[in-house]
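Inside the fold
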Amino acid sequence: MCGRYRRRSDKQRIAETFHVGIDLADLYLEPEEDIAPGSIQPVVLAGGSGEREIALMRWGFKLPDRHLFNARSEGIDRAPFWKDSFAERRCIVPADAFFEWSDTGQKRKSKFEIAIPGREPFGMAGVWKPWKNPKTEQWERAFAVITGEPNEIMQPIHDRLTTILDPRDYQEYLTAAARPPVHLLRILPAEQMRLTPVEKPDAAKPDATDPQLSLFDLDRD
């Protein structure tokens, strides 16, 4: 899953990487080393004019029993909570690295940084939808990061892997289509990743990265 990530790229770098055509004069972004669910973050999406734009959205949906900030790729085009968003509201989440924790059996959990050398920033597959904030009672836009099966590097650490889009697929992923592009939710080849242990592992995995709510659980609601 993806429960923490880093974004060091500035708005200009993000705009260049994802070919954003909308003026960014009014957008202010500071680099963030430890992005957590619940925060407001930039995502790339197709605007009403068809040009790509950068929008600020909240990461995750606060449900009565869970903070839902990841969406499983398996069955995303059929799951009631996600199918409309995957069909009509896809987005790309810029990141320079993401983090994962592995339970090694020790008192402390080992923390790893996962990066893609030569691709800073890279694009995490995402979906978004309007969401009513239970604290403010106001409607806002929120997004989730899509995850899939792990590759060979991730398997010893975690049973999920953040879905990273190939740059050549950005256009298709953001373009409206009669058939949602499930085929673009591929497993990132292990040789493209660099996994680095963090020297000082956290004493515990952050609360915000509790196991994600299964889409099949949502199906039964």
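These figures come from a predicted structure and were not determined experimentally.

There is about 160 Å³ of room inside the largest pocket. In terms of lining residues, the largest pocket is bounded by Gly38, Arg58, Trp59, Gly60, Lys62, His67, Trp131, Asn133, Pro134 and Lys135. Here the residues of the lining of the largest pocket are counted per class, giving three nonpolar, four polar and three charged.

In space, the five strands of this open sheet follow the order S2-S1-S9-S10-S14, with antiparallel pairing throughout. Two strands in the sheet have a free side with no partner beyond their single neighbour: strand S2 (32-35) and strand S14 (194-197). Direction aside, the axes of adjacent strands within the sheet are offset by 25° on average. With two bridges joining them, strand S1 (residues 4-7) and S2 adopt antiparallel strand pairing. Counted as the bridge partner of Tyr5 is Ile35 from S2.

To continue, consider the pairing of strand S8 (residues 90-95). The side chains of a regular strand alternate between both faces of the sheet. Counted residue by residue, S8 has six buried out of six residues, so it is predominantly covered. Taking every second residue as pointing to the same face, both faces of S8 are buried, with Arg90, Ile92 and Pro94 on one and Cys91, Val93 and Ala95 on the other. Two elements, S8 and strand S11 (residues 122-132), share six bridges in a ladder whose sense is antiparallel. Note that in S11 the partner of Val93 across the bridge is Met124.

Relative to the elements of secondary structure, Asn133 occurs in the loop between S11 and strand S12 (139-148). Excluding its chain neighbours within four sequence positions, the residues that come into contact with Asn133 are Arg58, Gln138 and Glu140.

What counts and how
Residues numbered from 1 in each chain as written. Predicted model: local features only at pLDDT ≥ 70, side-chain atom pairs only at ≥ 80, totals over all residues. Heavy atoms only, no water. 1 Å grid on protein atoms, 1.4 Å probe; cavity = no way out; pocket = protein on both sides within 12 Å on 5 of 7 lines; lining within 4 Å. Points joined across faces, edges and corners; volume = space filled by probe spheres on them. Nonpolar A, V, L, I, M, F, W, Y, C, P; charged D, E, K, R; others polar. Pairing = 2+ DSSP bridges. Helix = DSSP H or I, 4+ residues; strand = E, 2+ residues; numbered from the N terminus. Axes fitted to C-alpha atoms, helices over the stretch in contact; angles between N-to-C directions. Buried < 20%, exposed > 50% of the residue type's maximum accessible area, 1.4 Å probe, protein only. Contact = heavy atoms within 4.5 Å.

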